[in-house]
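If you want the building blocks of each chain, they are given just below.
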Amino acid sequence: MRLRNVPGAKETIIESCFSIQEPETYKGRWAEEFGNQNPIHIEVGMGKGKFILEMARRNPEVNYIGIEKYSSVLVRAVEKTEDFEGKNLRLIRMDAEDIENVFEKGEVSRIYLNFSDPWPKDRHAKRRLTSVRFLERYDNILTSDGRIVFKTDNKDLFDFSLEQVEEAGWILENYTYDLHHSEYNEGNVMTEYEEKFSAKGNPICRLTAYRHES
C-alpha cells in the first residue's frame, strides 16, 4: 500500500486531545483513562474514522478506541474530531500486531474489523486481521462474552475468514454475504469504503464471532 505523506500529520495527531501517545502505558488502565467502567469497543484499522466517530456519537455509554497504523490516514480521523463533543473516544497510531501490549486480558468487549487489507498473496495470509494468528491476539484481550465484527466487500477474504473462525475454535454467531439486504443491516454504520463499494453495487459481507466459553 503506497500512501502519500501528509505534511504535519504527526504533529496534528500529537496535539489532539483524542490522540493517545505511548499506548502501552495504558494497558489495564483504560477505564481510568475514560473515567468510567463502560465497555470498551475498538476498531482495528479505522481508516479516516467515519465509522468510529459515528458509533461514539450514537453510543455515549460505550468507550471507543480507534487504531490506525499510518499517520497519513489517522490524521484525517483526527481532523474529523473537531466537531466531536463526546468524551468516549480515543485514537491510537499503532500496528495491530502490538494489540496485546496495549490492552489487558478481558479489557475489550468488542472488536470491529472493517474492510481490512486482504493481503491477497498466500504467503501473507498470517497478516490478515482475521487469521488464526490475529484471532489468538483478540482472544487475549476480549471479555469472556466479547465479539469480533468483520465487514468486507472481498468475498475471497470473507471465505478465508469464515474458515479461520472455525479453525481457531471460535463460534460463528451470524454471517451474511449481502449485509445491506439482510436482517443484520438495522443500525449498521457505514465506513467510507462501504459507502464507496455499495454505491457501485458491490454486496457487503459481514460476520460476528465469539469464542467457546470456558
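Predicted, not measured: the structure shown is a model, and the values here were computed from it.

## Details of the UniProt feature "binding site: substrate" (unreviewed entry) in the protein
No. 1: Mapped onto this structure's residue numbering, the UniProt feature "binding site: substrate" (unreviewed entry) falls at Lys121, Asp153, Thr191, Glu192, Tyr193 and Glu194. Taking the farthest pair of C-alpha atoms as the criterion, the annotated set spanning 74 residues is dispersed, since that pair is 24.9 Å apart.
No. 2: Here Asp153 is to be found in the loop between β5 (142-152) and α6 (155-167).
No. 3: Judged by its relative accessible area of 25%, Asp153 is partly exposed.
No. 4: Contact partners of Asp153, with chain neighbours within four places excluded, come to Phe115, Phe197, Asn202, Pro203 and Ile204.
No. 5: Ignoring anything within four residues of it in the chain, the contact list for Glu192 reads Lys48, Gly49, Lys50 and Lys80.
No. 6: Polar side-chain contacts of Glu192 include one of 3.2 Å to the backbone nitrogen of Lys50.

## Some details on helix α7 (residues 192-199)
No. 1: Looking at where α7 begins, the residue whose side-chain oxygen comes 3.3 Å from the main-chain nitrogen of Tyr193 is Thr191.
No. 2: The first or second residue beyond α7 is Gly201, which carries a positive phi of 90 degrees.

## Section: the side chain of Lys151
No. 1: Mapped onto the elements, Lys151 comes out in strand β5.
No. 2: You can call Lys151 buried: its relative accessible area is 2%.
No. 3: A polar side-chain atom of Lys151 sits 2.8 Å from a polar atom in the side chain of Asn188.
No. 4: In this structure, Lys151 is in contact with Phe51, Leu113, Asn114, Phe115, Leu179, Asn188, Val189, Met190, Glu194, Cys205 and Arg206, ignoring residues within four places of it in sequence.

## Structural notes on the side chain of Asn188
No. 1: Structurally, the position occupied by Asn188 is in the loop between β6 (170-176) and α7.
No. 2: Setting aside anything within four residues of it in sequence, one finds Asn188 in contact with Arg58, Lys151, Leu179, His180 and Glu194.

## A closer look at a nonpolar patch on the surface
No. 1: A contiguous nonpolar patch, built from Leu172, Tyr175 and Tyr177 and spanning about 260 Å² of accessible area, is present on the exposed surface.
No. 2: For Leu172, the location among the structural elements is in strand β6.

## Remarks on the pairing of strand β2 (residues 63-68)
No. 1: With respect to burial, β2 is a largely interior element, 6 of its 6 residues being buried.
No. 2: With 5 bridges connecting them, strand β1 (residues 40-44) and β2 associate as parallel partners. Opposite Ile42, over in β2, you have Ile65 as the bridge partner.
No. 3: A crossover links β1 with its parallel partner β2, the connecting element being helix α3 (residues 50-58), and its sense is right-handed.
No. 4: Where β2 lies against strand β3 (residues 89-93), 5 bridges are found, and the strand directions are parallel. Note that in β3 the partner of Glu68 across the bridge is Arg93.

## A closer look at the UniProt feature "binding site: S-adenosyl-L-methionine" (unreviewed entry) in the protein
No. 1: When the UniProt feature table is mapped to this numbering, "binding site: S-adenosyl-L-methionine" (unreviewed entry) covers Glu43, Glu68, Asp95 and Asp117. The annotated residues occupy 75 residues of the chain but converge on a single region, no pair of C-alpha atoms lying more than 13.8 Å apart.
No. 2: Note that Glu43 resides in strand β1.
No. 3: Excluding residues within four positions of it along the chain, Glu43 makes contact with Phe51, Ile52, Ile65, Gly66, Ile67, Tyr112 and Asn114.
No. 4: Position of Asp95 among the secondary structure elements: in the loop between β3 and β4 (108-114).
No. 5: Judged by relative accessible area, which is 23%, Asp95 ranks as partly exposed.
No. 6: At a separation of 3.4 Å, a polar atom in the side chain of Asp95 contacts the side chain of Lys69.

What counts, and where the lines are drawn
- Residues numbered from 1 in each chain as written.
- Predicted model: local features only at pLDDT ≥ 70, side-chain atom pairs only at ≥ 80, totals over all residues.
- Heavy atoms only, no water.
- UniProt positions renumbered as here; feature names shortened; annotations may be inferred.
- Helix = DSSP H or I, 4+ residues; strand = E, 2+ residues; numbered from the N terminus.
- Buried < 20%, exposed > 50% of the residue type's maximum accessible area, 1.4 Å probe, protein only.
- Contact = heavy atoms within 4.5 Å.
- Polar contact = N/O pair within 3.5 Å; in protein donor to acceptor, adjacent residues only side chain to side chain.
- Patch = residues over 30% accessible without salt bridge, like charges linked within 9 Å, V, L, I, M, F, W, Y side chains within 5 Å.
- Areas by Shrake-Rupley, 256 points an atom, 1.4 Å probe, with all protein chains shown as cover.
- Salt bridge = Lys/Arg side-chain N within 4 Å of Asp/Glu carboxyl O.
- Pairing = 2+ DSSP bridges.
- Right-handed = clockwise from strand over helix to strand, strands pointing away.

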